[in-house]
Structure formats: structure tokens, C-alpha cells
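A look at the structure
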Amino acid sequence: MKRLLFAFALLFSIPFSSSCIKEITYPVEITGSNCTWEKPKQAIRGRTYTIKITPNEGYELYVQEGVLEVENEIHILTIYGDDLYNIETSELTIPGEHVISKLTIKANAQEKVG
């Protein structure tokens, strides 16, 4: 009888829904100079994170130590070039596999040369 009740309970149980799973979020901290950025929203674990960071007039940003750095609590991201910061759109994109803890972004735009 117990087995029958258990099978009945399984058969008519509430269907699984992904909305039942709570997403893990992390804070995003931005510091910098000679640029502006939109208010950071929380990052969601495993999802790509994008934020717009715009250098002031006469300045530029590029991914390089001391200019534009991104780190999580495990390591500093070492992705260079257009993989991270798109100069055309001023968007910084952090791939989901690196969104595993609090993100810290340091953006220190440098004066354009020439």
C-alpha cells in the first residue's frame, strides 16, 4: 500500500520548473578615472555580464594592466583585445565562465596620444 501511495504522489507531483531555482548573484564594483559608466547591476553566476564604460573626451580605454582590468575573487581576467572591451560600443563584456564571484572592474582611461 505504501508503494502505491508513493507512486501516486510521484505521478501527481508538481511539475519541475526552472523558475523554482534561485539564481546566484554577485555584486559588481567599478572604480576608475577619466570615464563614466552606467550604474552596475548585479552579475548572475554563469551568465555573460555587459556594462557600458565610456571614456571622457580625449581619452581612451583598452584592456591592459592599469588601464582596464577585470577580476573576480579567484583571479584577474587575462582576456585581451575585443574579446572584453569593444571600443566602438564602449561595452565591456565578461564571459559567463568568469562570473563566479564578486566582480571588480578598474577603468582608468588614458589620454589619447597623437
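Residues numbered from 1 in each chain as written. Predicted model: local features only at pLDDT ≥ 70, side-chain atom pairs only at ≥ 80, totals over all residues. Heavy atoms only, no water.

**Some words on the side chain of Ser101**
Mapped onto the fold, Ser101 is located in the loop between strand E9 (91-94) and strand E10 (103-108). Looking at Ser101, the relative accessible area reads 5%, which means it is buried. Those residues within four positions of Ser101 in sequence are excluded, and the remaining contacts are Tyr26, Asn72, Glu73 and Ile74. (Helix = DSSP H or I, 4+ residues; strand = E, 2+ residues; numbered from the N terminus. Buried < 20%, exposed > 50% of the residue type's maximum accessible area, 1.4 Å probe, protein only. Contact = heavy atoms within 4.5 Å.)

**Considerations on the side chain of Ser90**
Looking at the secondary structure, you find Ser90 in the loop between strand E8 (85-86) and E9. Classification of Ser90 as buried rests on a relative accessible area of 11%. In this structure, Ser90 is in contact with Ile51, Lys52, Ile53, Thr54, Pro55 and Tyr85, ignoring residues within four places of it in sequence.

**Focus on the pairing of strand E5 (residues 49-55)**
Note: strand E3 (residues 35-37) against E5, three bridges, orientation antiparallel. Looking across to E5, one finds that Trp37 is bridged to Ile53. Looking at chain direction, E5 and E9 are connected through four bridges and run antiparallel. Note that in E9 the partner of Thr50 across the bridge is Thr93. (Pairing = 2+ DSSP bridges.)

Honestly, that's just the spatial picture; any functional story needs more than this.
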